[in-house]
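# Close look at the chain arrangement
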Amino acid sequence: MTTAHEPQVSEAQISVHWREEDYYQPPAKFIGQANAADPEIFRRFAEERFPDCFKEYADLLSWDSYWHTTLDTSNPPFWKWFAGGRLNACYNCVDRHLAADRSKAALIWVPEPEAEDTRTITYQELHRQVNEFASLLREFCGVRPGDRVTFHLPMVPELPVAMLACARLGVIHSEVFGGFSGTACGERIADSGSRVLVTMDGYYRNGQLVDHKTKADEAVRTAAERGQPVDSVLVWRRHADRCSSQAAMVDGRDFFVDELLTEHRGAVVTPVSMPSEAPLFLMYTSGTTARPKGCQHSTGGYLSYVAGTSKYYQDIHPEDTYWCCADIGWITGHSYIVYGPLALGTTSVIYEGSPTHPDPGRVWRIAERLGVNIFHTAPTTIRMLRKLGPDEPGKYDYHLKHMTTVGEPIEPEVWRWYHDVAGKGEAVVVDTWWQTENGGFLGSTLPALQPMKPGSCGPGVLGVYPVIYDEDGNTVEAGSGSAGNICIRNPWPGIFQTIWGQPERFRQIYYEKYCRNPDSTDWRDWPYFAGDGAVQAADGYFRILGRVDDVINVAGHRLGTKELESASLTVGEVAEAAAVPVVDELRGRAVEMYVALKPGLAPSAETEHAVSDAIEREIGKIARPKNVWIVSDMPKTRSGKIMRRVIAGISNFADVGDVSTLANPEVVEEIRHHIQSDK
Ligand code: 6R9
């Protein structure tokens, strides 16, 4: 039941083209207080000062021993930043703030239901919780530096506590987004070789109780099927009276964290001094095969990079109340809810639930109540807030100095609502382009020094040199109006180290395409291929068009077409499946599935539902397709490859190009008729 593919049908190809917009200048009040307000900073980060310019970021951290080599390029493309240095990430995010800021809020947690009390966790309290959990992990689970521990946790403070506890021990954490299914979690447990899973009994979302622990059972089963036993499942208990976990605990395998913690009250664990290049965490993302990629991030390079970009691009000052309204289960949450803000000793808000439940004023109410002054979210959320509560911001008394958008291209009119209405015209907006693989921002405006341009992320960030190449590796000049593949010419400290357990795949996906000389140890010969299409305007600003590979970005979440298709093929009736991106008003892109049934089977609504259910079961709710279309046959080349480019064209009411060379051109009209009369 394998499906051959015509590889290219990319988001970038179905991208909506919009007009270049006028510039917006940062407010004087913002410039007056900005961390980077002197253009001299561009000189400090000038290309001839690479890689030493990044010492400035590393110097934001406390090192146990200083590095001897800023960038070790001896084994490309496996770059080593700050080689020879040693540090502990947890110490940098917690302990070192105690002397001056013991009673300051490190985390403020706003739970769902909103009626539950907001919880403030001071640096002192965070230190206590992290030490106790680290002690439990070390003594009870027996984990050691370099071991992996998987979390499947929702948006609760126990997640940063668990992350920092692992970091304290030199243990590599791997958080699987809470909304992912147990099966998806189990695959990631197996891939990372984790023996410990940390989860929670349940949580509320949109007013519904999610019985989360049941997913852990499925995850452990899936991991076991793939040869990875899980010895301990640690269950944080939150809704003991309302969840079934009490009954479903497996003797000798499942443990309630609160019961175990009684043994570790007041424990103090010395932070383990780790080499700069020691892996800090894995973050899985979708790729072009069904096997997810465990992006391995380093300790010293990563933490330096998120601290530096948080300081200059998020303009975080210690006294700010900073709210990144993303999920910690994604890279944005790791870098810009937990590690970046805490490394700088600021207050980071975490909220649970959805931005528009119980009403579309929730976000602005939280901003007012907590005095948030930096706000960070994704275009999908902005579109939703704009649609459901266009006038809500005016009803609340909050004042932002800085706003971020991340994760997808943002349409200029949505950008303007964000700036004018949500930000009340008082804040700078930075549109930050980057990826799970990158650790931190790659393209953005430096807010006090570079004007904003709706719909464009801006130029490369300090010390990062993007370039657009055509398929043959020729540079596409700025202002030419042509699109191409955006690449980064140089390594930067936040770059991931490898794909966990798949170094060859790492080299092949990200570097092979444009590598100039595989024997060279000069970084100039190894441009990083990001997998996005982009155009660069004459002013140097980049506009990102979307993925050029087999990945669909739905509401900022990356879904691999292969994963979607494999999930569809688990339905007995399905013979062939193709996933294509379609433009969606709220989520940017959505998935449409096309399936052909086995001979003799008639299409039915049940089969359509079965495909959606299979995708939800294998991947998670966020992956549910917008439509499942059962077609009599797929358009195919003469060699039998499914032409997804043609299908995507039909789905998006676009030109499908020349189909005369297909093996079955008549099927194109048939599908078009079927789909377009139903849409
Ligand atoms: C941080 C994050 C990465 C993909 C990336 C690109 C898209 C991210 C964007 C953007 C346009 C932006 N993307 N930021 N597109 N403008 N500001 O989102 O990581 O989940 O790995 O997604 O998201 O297509 O390649 P990740």
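What counts, and where the lines are drawn
- Residues numbered from 1 in each chain as written.
- Predicted model: local features only at pLDDT ≥ 70, side-chain atom pairs only at ≥ 80, totals over all residues.
- Heavy atoms only, no water.
- Helix = DSSP H or I, 4+ residues; strand = E, 2+ residues; numbered from the N terminus.
- Contact = heavy atoms within 4.5 Å.
- Areas by Shrake-Rupley, 256 points an atom, 1.4 Å probe, with all protein chains shown as cover.
- Lys, Arg positive; Asp, Glu negative; His and termini not counted.
- Charge placed at Lys NZ, Arg CZ, Asp CG, Glu CD.
- Buried < 20%, exposed > 50% of the residue type's maximum accessible area, 1.4 Å probe, protein only.
- Salt bridge = Lys/Arg side-chain N within 4 Å of Asp/Glu carboxyl O.
- 1 Å grid on protein atoms, 1.4 Å probe; cavity = no way out; pocket = protein on both sides within 12 Å on 5 of 7 lines; lining within 4 Å.
- Points joined across faces, edges and corners; volume = space filled by probe spheres on them.
- Nonpolar A, V, L, I, M, F, W, Y, C, P; charged D, E, K, R; others polar.
- Pairing = 2+ DSSP bridges.
- Axes fitted to C-alpha atoms, helices over the stretch in contact; angles between N-to-C directions.
- Near = heavy atom within 4 Å.
- Polar contact = N/O pair within 3.5 Å; in protein donor to acceptor, adjacent residues only side chain to side chain.
- Phe/Tyr/Trp six-rings, centres within 6.5 Å; stacked < 30°, edge-to-face > 60°.

## Remarks on the overall build of the protein chain
Across its full length, the protein chain carries 21 helices and 30 strands. Restricting the contact set of the protein chain to residue pairs at least 6 apart, pairs at least 24 apart contribute 72%. Carbon and sulfur atoms make up 49% of the accessible area of the protein chain, which amounts to about 23600 Å² in all. Across the protein chain, the 67 positively charged side chains and the 90 negatively charged ones have centroids separated by 2 Å.

## A word on helix α20 (residues 644-651)
The element α20 is largely enclosed, with a buried count of seven among its eight residues. Along α20, the positions that sit buried rather than exposed are R644, V646, I647, A648, G649, I650 and S651. Close packing links the buried residues of α20 with α18 (561-568), β28 (574-584), β29 (588-597) and α21 (666-678). Phi for F653, located one or two positions after α20, is positive at around 55°.

## Description of the pattern of salt bridges
Scanning all chains against the criterion turns up 47 salt bridges. The partner of R507 in a salt bridge is E504, and the shortest N-O contact between them spans 3.0 Å. Of this pair, R507 and E504 both sit in helix α17 (residues 503-512), three residues apart, which is roughly one turn of that helix. Of the residues examined, R507 reaches a relative accessible area of 22% and is grouped as partly exposed. Two residues, D633 and K636, come together in a salt bridge whose shortest N-O distance is 3.4 Å. For D633, a relative accessible area of 26% puts it in the partly exposed group.

## Quick look at empty space enclosed by the protein
A full pass over the atoms with the stated rule returns five cavities of 30 Å³ or more. Approximately 80 Å³ is the volume found for the largest cavity. Residues belonging to the lining of the largest cavity are distributed by class as follows: seven nonpolar, four polar and two charged.

## Quick word on the sheet that holds strand β25 (residues 542-547)
With respect to topology, four strands assemble into an open sheet ordered β21-β22-β24-β25, the strand pairing being antiparallel. Looking along the sheet, the strands with just one partner apiece sit at the ends: β21 (466-469) and β25. When the angles between neighbouring strand axes are averaged without regard to direction, this sheet yields 45°. Examined bridge by bridge, strand β24 (residues 528-536) and β25 share five bridges and lie antiparallel to one another.

## Digging into the site of the ligand
Near the ligand lie 18 residues; those nearest to it are D431, T432, T436, D532 and R558. One nitrogen or oxygen atom from the main chain of G407 is found 3.1 Å from a nitrogen atom belonging to the ligand. For the ligand, an oxygen atom lies 3.0 Å from a polar atom in the side chain of Q435. A per-class count over the shell around the ligand returns six nonpolar, seven polar and five charged.

## Concerning the environment of I488
Assignment of secondary structure puts I488 in strand β22 (residues 484-488). Dropping the residues within four chain positions of it, I488 is found in contact with W433, L442, V464, Y465, P466, P527 and Y528.

## Details of the environment of D613
By secondary structure assignment, the location of D613 is in helix α19 (residues 605-618). For D613 and V571, which are 42 residues apart along the polypeptide, the C-alpha to C-alpha distance reads 9.4 Å.

## Describing the packing of aromatic side chains
Using the criterion set out here, one finds 44 aromatic pairs in the structure. Ring centres of W79 and Y511 lie 6.5 Å apart, and the angle between their planes is 80°; this geometry places the pair in the edge-to-face category. Here W79, found in the loop between β1 (69-72) and β2 (80-83), pairs with Y511, found in helix α17; they are 432 residues apart in sequence, far enough to count as distant. By the burial criterion, W79 is buried, and Y511 matches it. With a centroid separation of 5.8 Å and 90° between ring planes, the pair formed by Y302 and Y339 is classed as edge-to-face. With a gap of 37 residues between them, Y302 in helix α12 (residues 300-312) and Y339 in helix α13 (residues 331-343) connect regions that are remote in the sequence. On the basis of relative accessible area, Y302 is assigned to the buried category, the value being 0%. The class of Y339 is buried, set by a relative accessible area of 0%. Members of the aromatic cluster, each reached through a chain of ring pairs, are F45, F50, F54, Y57, W63, Y66, W67, W81, F82, Y305, Y312 and W523.

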